[in-house]
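Coordinate analysis (summary)
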Amino acid sequence: EVDAVRLVLSQPELRSTLRYLSLPSNVVPYDTFGTHSWPELRTLSFVGERRDAGAPVAASRDGYPVTPAPLLASLPHMPRLKTLDLRLVPLKGSGRLMLMSQDALVATHPLPFPELKILTVSYPHPDDRLYDALPSTLRSLALRCYPRHYIHLFPRDPVMPFNYGWDSPILSATE
């Protein structure tokens, strides 16, 4: 599936005119997505399991692991992007979502979406430098748990998100 999506997204005519792109996270060709320009893209949405799960490289001050590669490193400059929706489910041990590395200098690594108006992030990392670089155009910031962190109360619906190997690292009030 990833190869099929890669083939479709590699078409220059599509990339130069595409305005809305919503993909399940398991088919996103992250390795090649950032190598192309997306001059007209207005909405980008990735929903599903995070694929960066694995051995964390370090623990942050809150004790949660920092994932190996910040997601923004895989995303190209999208000058007209208005909506970025990253509802990505963390797998056990993958930690919170880091979009911009902790060592990134905001002045030298500006957000690649200068016209961003709506940002949705699931299980954000409190040390993420992204939140220091948000553009003045931002009108909506949604920091969510996805899927919702809750326990099923009905015996006829015993499936819980944790049965799938998902994690739910909810932010504390101080974070």
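Look a little higher up for the structure.
What comes next concerns the included structure. (Residues numbered from 1 in each chain as written. Predicted model: local features only at pLDDT ≥ 70, side-chain atom pairs only at ≥ 80, totals over all residues. Heavy atoms only, no water.)

**Quick look at the pattern of salt bridges**
- In total, this model carries 7 salt bridges according to the counting rule given.
- Ionic pairing is found between Glu-40 and Arg-42, a salt bridge with its closest N-O pair at 3.1 Å.
- Residue classification places Glu-40 among the buried residues on the basis of a relative accessible area of 18%.
- Measuring nitrogen to oxygen at the nearest pair gives 2.9 Å for the salt bridge that ties Arg-87 to Asp-85.
- For Arg-87, a relative accessible area of 26% corresponds to the partly exposed category.
- With a relative accessible area of 13%, Asp-85 lands in the buried category.
- The network of salt bridges with shared partners includes Arg-19, Glu-40, Arg-42 and Arg-80. (Salt bridge = Lys/Arg side-chain N within 4 Å of Asp/Glu carboxyl O. Buried < 20%, exposed > 50% of the residue type's maximum accessible area, 1.4 Å probe, protein only.)

**Some thoughts on empty space enclosed by the protein**
- By the definition in use, this model includes 2 cavities of 30 Å³ or more.
- Taken as a whole, the second largest cavity holds about 30 Å³ of empty space.
- If you trace the second largest cavity, you find it lined by Arg-6, Leu-9, Ser-10, Pro-29, Thr-32, Phe-33, His-36 and Trp-38.
- Going through the elements one at a time, helix H1 (2–9) and helix H3 (30–33) are the ones with two or more residues in the lining of the second largest cavity.
- Looking at the lining of the second largest cavity, its residues break down into 4 nonpolar, 3 polar and 1 charged. (1 Å grid on protein atoms, 1.4 Å probe; cavity = no way out; pocket = protein on both sides within 12 Å on 5 of 7 lines; lining within 4 Å. Points joined across faces, edges and corners; volume = space filled by probe spheres on them. Helix = DSSP H or I, 4+ residues; strand = E, 2+ residues; numbered from the N terminus. Nonpolar A, V, L, I, M, F, W, Y, C, P; charged D, E, K, R; others polar.)

**Thoughts on the pairing of strand S5 (residues 83–89)**
- In terms of residue burial, S5 counts as a mostly covered element, since 6 of its 7 residues are buried.
- Alignment of strand S2 (residues 43–49) against S5, held across 7 bridges, turns out to be parallel. Across the sheet, the residue bridging to Glu-49 is Val-89, located in S5.
- With 4 bridges connecting them, S5 and strand S6 (residues 118–122) associate as parallel partners. The partner of Leu-86 across the bridge, within S6, is Val-121. (Pairing = 2+ DSSP bridges.)

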